[in-house]
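Structural characterization, general
Listed here are the chains, written in short residue letters.
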Amino acid sequence: MDNLTTSLAQNLTISLSPADLQATFSNDNNDDDDLGRAPPRMGFNTEPKLCQFILSRRNVTASVPLEIRPSDCSTGSGLFIARDEQDGIEAGREIYRSKPLMLAFDGAGDDGWCHFCGGYFEGYFGGEKRGVRVCSGCGVGRFCSKECQKLAWNRFHKEECKVLKSTPGIKPQSLLAHRLVWFQQKGYITTEQGAVIQGLEAHFDEYTREEGGKTTEVYDVAMAIRDVTGEGREKKIDVGLIWKLVPQLWTNCVRLRGSSSRETVAFALELVTAMINHSCEPNAFAFMEKGEIRVRSLRKIAAGEEITICYIDPTVDVKSRREILMDEHFFECNCARCKDEIETQKRRVAADGETSMATVRQAQISMLDLIKSAAVTACKYPGVYPDFANLTVVESKMNTIMKNAFPNFGWGDDLDPVPMVRLCLSVLYLEQGKPAPALRNGLRGYFARRGGRTGPNAVNILVDIIHVLIAASCLPPDSPVLKDASFPLRVDISNVMYWYLYKACKEAGEVFGGDCEYTKAIGDLFAKMMAGLPAGASRPLEEDFMEELESSLRRVVEWAGVWVYEGA
Ligand SMILES: C[S@@+](CC[C@H](N)C(=O)[O-])C[C@H]1O[C@@H](n2cnc3c(N)ncnc32)[C@H](O)[C@@H]1O
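The text that follows walks through the structure, step by step, so that each part is easy to find. Every value quoted in this text rests on a predicted model; they were computed, and no experiment measured them.

1. Let's talk about the packing of aromatic side chains
- In total, this model carries 20 aromatic pairs according to the counting rule given.
- Aromatic pair Tyr-207 and Trp-250: ring centres 5.6 Å apart, planes at 65°, arrangement edge-to-face. Pair noted here: Tyr-207 is in helix 7 (residues 204-207) and Trp-250 is in helix 9 (residues 239-252), with a separation of 43 residues, a long-range link.
- On the basis of relative accessible area, Tyr-207 is assigned to the buried category, the value being 3%.
- Ring pairs connect the aromatic residues Phe-116, Phe-156, Phe-183 and Tyr-188, which therefore count as one cluster.
- Above the ring of Phe-80, the side-chain terminus of Arg-69 is found at 4.2 Å from the ring centroid.
- Positioned over the ring face of Phe-156 is Arg-179, at 3.7 Å from the centre of the ring.

Dropping the structure here:
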């Protein structure tokens, strides 16, 4: 039996404080008999049998042979396209898909997901909503059918329900730690799976370096797991073991987004994805569809090349990304994108003469705070704003911050976090029913993005712009917006809208795959809009349409004050 199984089976009762537990796991402690002492970590690449197990067909459906080898960018192992796979993999292809061992949803985020099967039960674009069954015990568990609710109850929700009731804001990653212990007790974790989990990077020293902060958090979760797991049983579980398990789960859970969302919606423990290292300029991304993790390529990945994904929100500025990675993942990112973005900031600072990197940083933080509070207001009062002038105030405050940071030169829409802030403003303005500022901010943010012109974020942003364009092109003739003589002509807005819808269909197919529900929904929307076109009207890709499109786009982006425009 592997260590995990043995230790869990022992069901020991122990009671230690964070300091005691730290001493238990301290590297200076050479007492081999010490309970649950963390063994030195060996990279998976030194364990061919475990690598074979992780990549076995039972766990993963891969379209190209994969290998686990020493990583090019981190100290441990990484996932690679096999060296002998001549052609590597093309951009926009599925590398693999896999069912996670466990999946927990972020209650604070988008909750349109079934907590058992991981299916999305709200139709895209306001489509049909399937019946939602909310657990009457905890009020948190949500299921798409009676069957899913029953299966979840038997598998984990009976125990989880109590935890959710007693700890309402519990982190999904911590919930997974609870679940892993129940799964182990119920015999759902195989010996091989246990062995892999044992070998995962834990960042144990970093999580438990000193008392307080993260150490206390790990301790509290470990004790809570021990307490509820022991309920009704004679002996409680080895808290020393859980003490190590919690940081392992936190380090190795993959954050999942659905195809249509930019936020993390779920956390999963999945053994193949736990092998993938991070890059701010990744060559792949992971998302969830019908309870499966799908990992797809963002560009061509050559044979023998390491697969990387971005662990965090790639749209935030370079300093924020590096801080988050250090704080949450304990490593310093040194990727080419980070270096390039720091250089761009330095060049602007040098050109301005009066500004410093510290001033830019402070301005970036202020802008992010500003948009965060605007977005929170919007969420708190969906559809009903206490003060409709709020967003105009946000915009003008943002302009002041930008002007103060660079007194001699403009900040430039391309410098982070402006593109992201403008896109966020666009969504908020649209929710307020203000299509003109929504369109202006949306287009300025869309064209200013330096990175992220392909991939999942690009499709989502395009869909946001399409929503704004649809709203603007459907304004009633007596709308005050149309009385403003500078507002673009309806025909120009509609040309741009049809073009972006066409682009969104094409890109969603390439990025998420044709069998993805979101791609199908965008395709349906496009078909519906095309069906509404009068007979004989020109359509995207037809010669007449393409001729008109360039001038329509130019007029629309000029009206929006777009800073960098390089064509459709
Ligand atoms: C999900 S694991 C990835 C697999 C891991 N390298 C291993 O050997 O098990 C995440 C951990 O890998 C390391 N890592 C991932 N990307 C990295 C990078 N770009 N630079 C340095 N370390 C990285 C960090 O220690 C991180 O917490």
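Still more ground to cover, so stick around.
2. With respect to the pairing of strand 9 (residues 266-269)
- Along strand 9, one buried face is formed by Ala-266 and Ala-268 and the opposite face, lined by Phe-267 and Leu-269, is buried too.
- Across four bridges, strand 5 (residues 102-105) lies against strand 9 in antiparallel orientation. Bridged to Leu-103 within strand 9 is Ala-268.
- Taken together, the three bridges between strand 8 (residues 254-258) and strand 9 define a ladder with antiparallel strand orientation. Bridge assignment links Leu-256 to a residue of strand 9, and that residue is Ala-266.

3. As for helix 19 (residues 517-531)
- Compared with an ideal rise of 1.5 Å per residue, which puts 15 residues at 21 Å, helix 19 spans 21 Å between its outermost C-alpha atoms and is within 8% of the ideal.
- Among all positions in helix 19, only Tyr-518, Thr-519, Ala-521, Ile-522, Leu-525, Phe-526, Met-529 and Met-530 are buried.
- Residues of helix 19 that are buried make contact with helix 16 (456-473) and helix 18 (490-512).

4. A closer look at the site of the ligand
- Taken together, 17 residues lie around the ligand, and Arg-41, Ser-77, His-203, Asn-277 and His-278 are the ones closest in.
- Within the backbone of Ser-77, one N or O atom sits 2.7 Å away from an oxygen atom of the ligand.
- Across the complex, the protein chains shield 93% of the 570 Å² of accessible surface that the ligand would expose by itself.
- Mapped onto the shell around the ligand, the elements with two or more residues apiece are helix 9 and strand 10 (277-278).
- Its residues assigned to classes, the shell around the ligand shows six nonpolar, nine polar and two charged.

5. Concerning helix 16
- The end-to-end C-alpha separation of helix 16 is 26 Å, in line with the 26 Å expected for 18 residues at 1.5 Å each.
- Burial of helix 16 is extensive: 16 of the 18 residues sit out of reach of the surface.

What counts and how
Just so you know, the residues in each chain are numbered from 1, in the order the chain's sequence is written. Per-residue local features are limited, in this predicted model, to residues with pLDDT of at least 70; the limit for side-chain atom pairs, both in listing and counting, is 80 or more; totals at the level of whole chains, interfaces and linings are taken over all residues. As a rule here, side-chain values come from all non-hydrogen atoms in the structure, and water together with hydrogens is ignored. Each Phe, Tyr or Trp ring (for Trp, its six-membered ring) is paired with any other whose centre lies within 6.5 Å, and the angle between the two planes then decides the class: stacked below 30 degrees, edge-to-face above 60, tilted in between. Strands here are runs of E lasting at least two residues and helices are runs of H or I lasting at least four, both read from the DSSP assignment and numbered beginning at the N terminus. Burial classes: relative accessible area under 20% of the type maximum marks a residue as buried, over 50% as exposed, and values in between as partly exposed (1.4 Å probe, protein chains only). By the criterion adopted, a ring carries a charge over it if an Arg CZ or a Lys NZ lies within 6 Å of its centre and within 35 degrees of its normal. Being paired, for any two strands, means DSSP has found at least two bridges between them. Multiplying 1.5 Å by the helix residue count minus one yields the expected span of that helix. Contacts were defined at the residue level, with two residues in contact if any of their heavy atoms lie within 4.5 Å. Any residue with a non-hydrogen atom lying within 4 Å of a molecule or strand is treated as near it. Polar contacts, as counted here, are pairs of nitrogen or oxygen atoms within 3.5 Å of one another; within protein the pair requires one atom able to donate a hydrogen and one able to accept it, and residues that are adjacent in sequence qualify only if both atoms are side-chain atoms. The Shrake-Rupley method, run with a 1.4 Å probe, gives the accessible areas here. Residue values count only the displayed protein chains as cover. Each residue gets one of three labels, nonpolar for Ala, Val, Leu, Ile, Met, Phe, Trp, Tyr, Cys and Pro, charged for Asp, Glu, Lys and Arg, and polar for the others, Gly among them.

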